[in-house]
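Letter by letter, the chains look like this.
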2 protein chains.
Amino acid sequence: MKAKVHVMLKDGVLDPQGEAVRHALKGLGFGGVQGVRQGKVIELDLEDGTSEATIEEMCRKLLANTVIESYRIEVL
Amino acid sequence: MKAKVHVMLKDGVLDPQGEAVRHALKGLGFGGVQGVRQGKVIELDLEDGTSEATIEEMCRKLLANTVIESYRIEVL
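Heads up: these notes are all about the structure in this document.

What counts and how
- Residues numbered from 1 in each chain as written.
- Chains lettered and ligands numbered in written order.
- Predicted model: local features only at pLDDT ≥ 70, side-chain atom pairs only at ≥ 80, totals over all residues.
- Heavy atoms only, no water.
- Least-squares fit on C-alpha atoms with pLDDT ≥ 70 in both.
- Contact = heavy atoms within 4.5 Å.
- Helix = DSSP H or I, 4+ residues; strand = E, 2+ residues; numbered from the N terminus.
- Expected span 1.5 Å × (residues − 1).
- Buried < 20%, exposed > 50% of the residue type's maximum accessible area, 1.4 Å probe, protein only.
- Arc of directions from axis to C-beta.
- Polar contact = N/O pair within 3.5 Å; in protein donor to acceptor, adjacent residues only side chain to side chain.
- Buried area = accessible area lost by both parts, 1.4 Å probe.
- Salt bridge = Lys/Arg side-chain N within 4 Å of Asp/Glu carboxyl O.

### Points about the relation of the copies chain B and chain A
Of the transformation placing chain B onto chain A, the axial shift is 0.0 Å and the rotation is 180 degrees, giving an RMSD of 0.0 Å. Such a combination of turn and shift is consistent with a two-fold rotation axis. Identified as the residue of chain B closest to the rotation axis by C-alpha distance is Lys40(B), at 2.3 Å. The share of interface residues of chain B whose copies in chain A are also at the interface is 100%, consistent with both copies meeting through the same surface.

Here is the structure:
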């Protein structure tokens, strides 16, 4: 089975990576870019029958830093 | 207006980051993780009226390395 975990920085947390991308886009001549936020998407190829609770535990223990990041699980 | 760009490594391209995550999950006792692929999701806050062609150009010039990565644009 496959699952996707979408990890983004929580609102209000400074995103230096996003700022760097915004700055670079401006430098390339792309005006009108008011904000950029960058996150991760992790595609998991799991044994059939893996529960969402197990995936949740993977997120809390490793895939997301829950202090500054929020995550969303999508079972495919 | 908002848009999301999903960037993933192309199939067949080695994903060391994904391998590291798979290895770490195994070390934490999560058996049954057959594969992990990690990509980026970039949320863009753009001026109204920005065309998809412009976003496409942003992807080709900066947001994705089209030699090894594929991207998908989602206008919200």
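### So, helix H1 (residues 16-27) of chain B
Residues and elements named next belong to chain B. The end-to-end C-alpha separation of H1 is 16 Å, in line with the 16 Å expected for 12 residues at 1.5 Å each. Turning to H1, its buried residues number three or more, namely Gly18, Val21 and Leu25. Down the axis of H1, the buried set is contained in an arc of 60 degrees. They therefore lie on one face. Turned more than 90 degrees off the buried face of H1, the exposed positions are Pro16, His23, Lys26 and Gly27. Of the residues one or two after H1, glycine 29 is the one with positive phi, at around 95 degrees.

### What to know about the side chain of Gln38(A)
Structurally, Gln38(A) is set in strand E2 (residues 33-46). The class of Gln38(A) is buried, set by a relative accessible area of 16%.

### Some details on the side chain of His6(A)
Residue and element names in this part refer to chain A. Relative to the helices and strands, histidine 6 resides in strand E1 (residues 2-9). Classification of histidine 6 by relative accessible area gives buried; the value is 11%. Among the polar contacts listed, one links the side chain of histidine 6 to the side chain of glutamate 74, at a separation of 2.6 Å. With residues up to four places along the chain from it excluded, the contact list for histidine 6 reads Lys40, Val41, Ser70, Tyr71, Arg72 and Glu74.

### Regarding the interface of chain B and chain A
Contacts between chain B and chain A engage 28 residues on the former and 28 residues on the latter. Summing both partners gives a buried area of about 2,600 Å² for chain B against chain A, and 65% of it is carried by carbon and sulfur. It is Phe30(B), Val41(B) and Glu43(B) in chain B that bury the most area against chain A; as a group they hold 20% of the surface buried on that side. At the boundary of chain B and chain A, one finds 0 salt bridges. Where chain B meets chain A, there are 10 residue pairs in polar contact (both at pLDDT 80 or more).

Treat this as a map of the structure, not an account of what it does.
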